[in-house]
Amino acid sequence: MSEPRWLNETQMRAWTGFLETSGLIQRHVERQLREDAGLTMIQYEILHWANEAAPQRRCITELADLMITSRSGLSYQVAQLEKAGLLRRETDASDERRAMVVITEDGRRLLAKTTPGHVAAVRDGLIDLLTGEQVAQLADIMDDVRTRLRPRVVPAASRRKAT
């Protein structure tokens, strides 16, 4: 076995800074979502992705891949949103094995009501704390990392289904 490539001081600062900052931003945004809509961040994200699908329907497998989460964990959250009347599940007419989530009118209304506060929390917790140049750099960094890491994390078979 070869010796691990230990992180140097700057790399460790970047890693621990990323962990702490992402946790702080998540808590900040989650607090707004709970206060404004009684939603968790993952529930808001599910509603967002279901709403972004045309025509407001998305395959659960595709949704799990988009959100980088397990189908079982996602199914629990979908069930909670379904109980609240914000989503419903349907069978895909073209393939009965595929489960679809469909945002309801109540789900669209809640999303529309919650989104302005959500955007304000994202601005307050990240975007407005940075210069325009820093935001552009961060966007480029996240694009690069996501592009390189997604194929290693999301199974190829799932990526093919999602496209």
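1. With respect to the overall build of the protein
Across its full length, the protein holds seven helices and three strands. Seen in sequence order, the protein has helices and strands lined up from the N terminus as α-α-β-α-α-β-β-α-α-α. Taken over the C-alpha atoms alone, the protein extends approximately 55 × 40 × 25 Å along its principal axes. Looking at the protein alone, contacts between residues at least 24 apart form 53% of all its contacts between residues at least 6 apart. Summing over all exposed atoms, the protein offers an accessible surface of approximately 11100 Å²; the carbon and sulfur share of this is 54%. The distance from the centre of the 24 positive side-chain charges to the centre of the 23 negative ones in the protein is 5 Å.

2. Considerations on unusual backbone geometry
The phi torsion at Ile 68 lies on the positive side, around 55 degrees, for a residue other than glycine. Along the chain, the position of Ile 68 falls in the loop between helix H3 (60-67) and helix H4 (71-83). Residue Ile 68 is classed as partly exposed on the basis of its relative accessible area, which comes to 47%.

3. Quick look at the side chain of Thr 114
Along the chain, the position of Thr 114 falls in helix H5 (residues 105-125). Those residues in contact with Thr 114 that lie beyond four places of it in its chain are Gln 32, Leu 33, Ala 37 and Tyr 44.

4. Brief notes about the pairing of strand S3 (residues 95-103)
Note that strand S1 (residues 57-59) and S3 share three bridges and pair antiparallel. Each residue of the ladder has a partner; that of Arg 58, found in S3, is Val 101. Bridge count between strand S2 (residues 87-92) and S3: six bridges; the pairing is antiparallel. Following the sheet pairing, Thr 91 is matched in S3 by Ala 99. Between S2 and S3, which pair antiparallel one after the other, the connecting turn spans two residues.

5. Section: the layout of surface pockets
Estimated volume of the largest pocket: approximately 2200 Å³. What lines the largest pocket is a set of 41 residues, among which Phe 18, Ser 22, Leu 138, Met 142 and Arg 146 lie closest to the centre. Those elements that provide at least two residues to the lining of the largest pocket are helix H1 (9-37), helix H2 (41-52), H3, H5 and helix H6 (132-153). Counted by class, the lining of the largest pocket contains 26 nonpolar, ten polar and five charged residues.

6. Examining the pattern of salt bridges
Following the criterion strictly, the structure yields twelve salt bridges and no others. In this structure, Asp 144 and Arg 148 form a salt bridge, with 3.0 Å as the shortest nitrogen-oxygen distance. Within this pair, Asp 144 and its partner Arg 148 are both found in helix H6, separated by four residues, close to a single helical turn. Given a relative accessible area of 36%, Asp 144 falls into the partly exposed group. Residue class for Arg 148 comes out exposed when judged on its relative accessible area of 58%. The network of salt bridges with common partners includes Glu 105, Asp 106, Arg 108 and Arg 109.

7. With respect to the packing of aromatic side chains
The tally for this structure, following the rule as stated, stands at one aromatic pair. Pairing Trp 15 with Phe 18 gives two aromatic rings, centres 5.9 Å apart and planes at 25 degrees, and the pair type is stacked. Placement of both Trp 15 and Phe 18 in helix H1 is noted, with a separation of three residues, approximately one turn of the helix. Judged by relative accessible area, Trp 15 falls into the partly exposed class, the value being 44%. Take Phe 18: its relative accessible area is 43%, and that puts it in the partly exposed class.

The rules we used
- Residues numbered from 1 in each chain as written.
- Predicted model: local features only at pLDDT ≥ 70, side-chain atom pairs only at ≥ 80, totals over all residues.
- Heavy atoms only, no water.
- Helix = DSSP H or I, 4+ residues; strand = E, 2+ residues; numbered from the N terminus.
- Contact = heavy atoms within 4.5 Å.
- Areas by Shrake-Rupley, 256 points an atom, 1.4 Å probe, with all protein chains shown as cover.
- Lys, Arg positive; Asp, Glu negative; His and termini not counted.
- Charge placed at Lys NZ, Arg CZ, Asp CG, Glu CD.
- Buried < 20%, exposed > 50% of the residue type's maximum accessible area, 1.4 Å probe, protein only.
- Pairing = 2+ DSSP bridges.
- 1 Å grid on protein atoms, 1.4 Å probe; cavity = no way out; pocket = protein on both sides within 12 Å on 5 of 7 lines; lining within 4 Å.
- Points joined across faces, edges and corners; volume = space filled by probe spheres on them.
- Nonpolar A, V, L, I, M, F, W, Y, C, P; charged D, E, K, R; others polar.
- Salt bridge = Lys/Arg side-chain N within 4 Å of Asp/Glu carboxyl O.
- Phe/Tyr/Trp six-rings, centres within 6.5 Å; stacked < 30°, edge-to-face > 60°.

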